[in-house]
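# Close look at the chain arrangement
Spelled out from the first residue to the last, the chains are:
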Amino acid sequence: MPIQLEEYMSRETFERIRTFSDDKETPFLVIDTATIIDRLEKLITAFPYASIYYAVKANPAIEILTMLRDKNVNFDIASVYELDRVLSLGISPDKISYGNTIKKSKDVRYFYQKGVRMFATDSEADIRNIARAAPGSKIYVRILSEGTLTADWPLSRKFGCQADMAMDLIILAKDLGLIPYGISFHVGSQQRDIGAWDAAIGKVKVIFERLQEEDGIELKMINLGGGFPANYITKANDLSTYAQEITRFLKEGFGENLPQIILEPGRSIMGDAGVLVSEVVLISRKSRTALNRWIYTDVGKFSGLIETLGEAIKYPLFTGKKGEVEEVIIAGPTCDSADILYEDYKYKLPLNLAISDRIYWLSTGAYTNTYSAIEFNGFPPLKSYFI
Ligand SMILES: *Cc1c(COP(=O)(O)O)cnc(C)c1O
């Protein structure tokens, strides 16, 4: 089956994007800003008790950051460059958290000088750095979480520490004059198993209780990370189901008086808002009897589609053409054979799809344009438009 457009966006939104795109040279990304606001508002409604820290890396465009600033959200920042950009928009440092656990001492100092007072950490060396470069700041410790098999883009193994070590780090932080503020985790991006939050919240509860009973330390905050879904070919539950379940896990663990709850959405706010418009460069068969056609498009792994690595994220493709379909292999335009997008998973595209037709890559608003290479094979970086 080819995809049904309406499962991913309204026909009107698509037609608006198509009309806007018609006279522009591909490839480029079009961001429908109304979709961002819609997804943000749904998240706020689903988690009325939570503070939202937008994960800037998902899409750091000035247009988007400005919109989110005006919606009063907070920002999860991973580098001094992201910090400069966010501060340049007049966003107050008390709405910023330095969420990267891997940071240079001079970067911690820079954040501190700019007024940021909340830092993520997961190691002793980093806490000692923070204590020196950002004295008296709030820290939260990131724990490892499982769920890497059910997340389409796992984020865990590299970040976080075991629960026992998290407790040691919290105690160390206090001894070093920092404010031990909370615990964070990230269950993996595009996490399709809501139970991953249950397991992580269970660990956090043990940490909160043990620290209170044994060390008299009262933690105040749980950062539930990102992981909420965008709409791709591999289905996930609705956001409201995530919210109901996660709220239940929290109330079972912590009762009605929840600690401060932070969410760090990236993909779930941005993903569905983007349509990457591309053109078919070439169509071929590798032999007279080959079953599958190869479709080469003018976007690939090096123009923003890095998350097709391992065919992890399967973007819905729409061509607008009708008629019989066939299974194809899809590849990018560069002279690198890693630039094959989908080969194991066979997309079904119309048999009458021809060279120079357009392919619309839906749900490409997150983790695309900034992953685009600056000039591999001479191709310019992917452009973005905001409508
Ligand atoms: C990337 C990242 C996020 C965003 O995750 P999504 O799955 O895109 O929502 C949130 N928090 C941290 C610390 C991250 O690194």
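Heads up: the structure comes first, above all this text.
Note that the structure is a prediction, hence the values are computed from the model and not measured.

Rules and cut-offs
- Residues numbered from 1 in each chain as written.
- Predicted model: local features only at pLDDT ≥ 70, side-chain atom pairs only at ≥ 80, totals over all residues.
- Heavy atoms only, no water.
- Core = buried A, V, L, I, M, F, W, Y, C linked by side-chain atoms within 4.5 Å.
- Buried < 20%, exposed > 50% of the residue type's maximum accessible area, 1.4 Å probe, protein only.
- Helix = DSSP H or I, 4+ residues; strand = E, 2+ residues; numbered from the N terminus.
- Domains from an automatic or database assignment.
- Near = heavy atom within 4 Å.
- Areas by Shrake-Rupley, 256 points an atom, 1.4 Å probe, with all protein chains shown as cover.
- Nonpolar A, V, L, I, M, F, W, Y, C, P; charged D, E, K, R; others polar.
- Axes fitted to C-alpha atoms, helices over the stretch in contact; angles between N-to-C directions.
- Parallel < 35°, antiparallel > 145°, perpendicular 65-115°, else oblique.
- Left-handed = near helix turned anticlockwise from the far one by under 90°.
- Contact = heavy atoms within 4.5 Å.
- Phe/Tyr/Trp six-rings, centres within 6.5 Å; stacked < 30°, edge-to-face > 60°.

This part is about the nonpolar core. With 113 residues, the main nonpolar core has Tyr54, Phe75, Phe185, Trp197, Leu224, Ile246 and Trp361 as its most contacted residues. Sorting elements by how many residues they give to this core places helix H8 (residues 195-215) first, with eight residues. Summarising the domain contributions, this core has at least three residues from each of domain 1 (5-28 + 271-386) and domain 2 (60-265). In this structure, Tyr53, Ala120, Met221 and Ile262 belong to the second largest nonpolar core, which totals seven residues.

The environment of the ligand is made up of 14 residues, and the closest members are Lys57, His186, Ser189, Glu264 and Tyr367. In isolation the ligand has 390 Å² of accessible area, and contact with the protein removes 93% of it. Grouping the amino acids of the shell around the ligand by side-chain chemistry returns four nonpolar, five polar and five charged.

With omega at 0°, the peptide bond leading from Thr26 into Pro27 counts as cis. Structurally, Pro27 can be placed in the loop between helix H1 (11-21) and strand S1 (28-31). The backbone phi angle of Gln190 is positive, close to 50°, even though this residue is not glycine. On the secondary structure map, Gln190 appears in strand S9 (residues 189-191). Of note in this structure, Ser363 is not a glycine but carries a positive phi near 55°.

Attention now goes to the packing of helix H7 (residues 163-175) against H8. Taken N-terminus to C-terminus, the directions of H7 and H8 make an angle of 45°; their axes are 10 Å apart at the nearest point. With respect to H8, the axis of H7 lies oblique. Crossing of H7 against H8: the hand is right-handed. Residues Ala163, Asp164, Ala166, Met167, Ile170, Ile171 and Lys174 of H7 form the contact with H8, whose participating residues are Ile207, Arg210, Leu211 and Asp215. Of the residues that constitute the contact of H7 with H8, the class distribution is seven nonpolar, no polar and four charged.

Moving on, we get to the packing of aromatic side chains. Per the counting criterion, the structure on display carries 18 aromatic pairs. With centroids separated by 5.7 Å and ring planes inclined at 85°, the aromatic side chains of Tyr232 and Tyr315 adopt a geometry described as edge-to-face. Here Tyr232, found in the loop between strand S10 (221-223) and helix H9 (239-254), pairs with Tyr315, found in the loop between strand S13 (293-297) and strand S14 (317-318); they are 83 residues apart in sequence, far enough to count as distant. There is no split in this pair, since Tyr232 and Tyr315 are both buried. Seen from their ring centres, Tyr315 and Trp361 are 6.5 Å apart, and the 70° between their planes marks the pair as edge-to-face. Note that Tyr315 is positioned in the loop between S13 and S14 and Trp361 in strand S17 (residues 358-362), a separation of 46 residues in sequence. Accessibility expressed as a relative area gives 0% for Trp361, which makes it buried.

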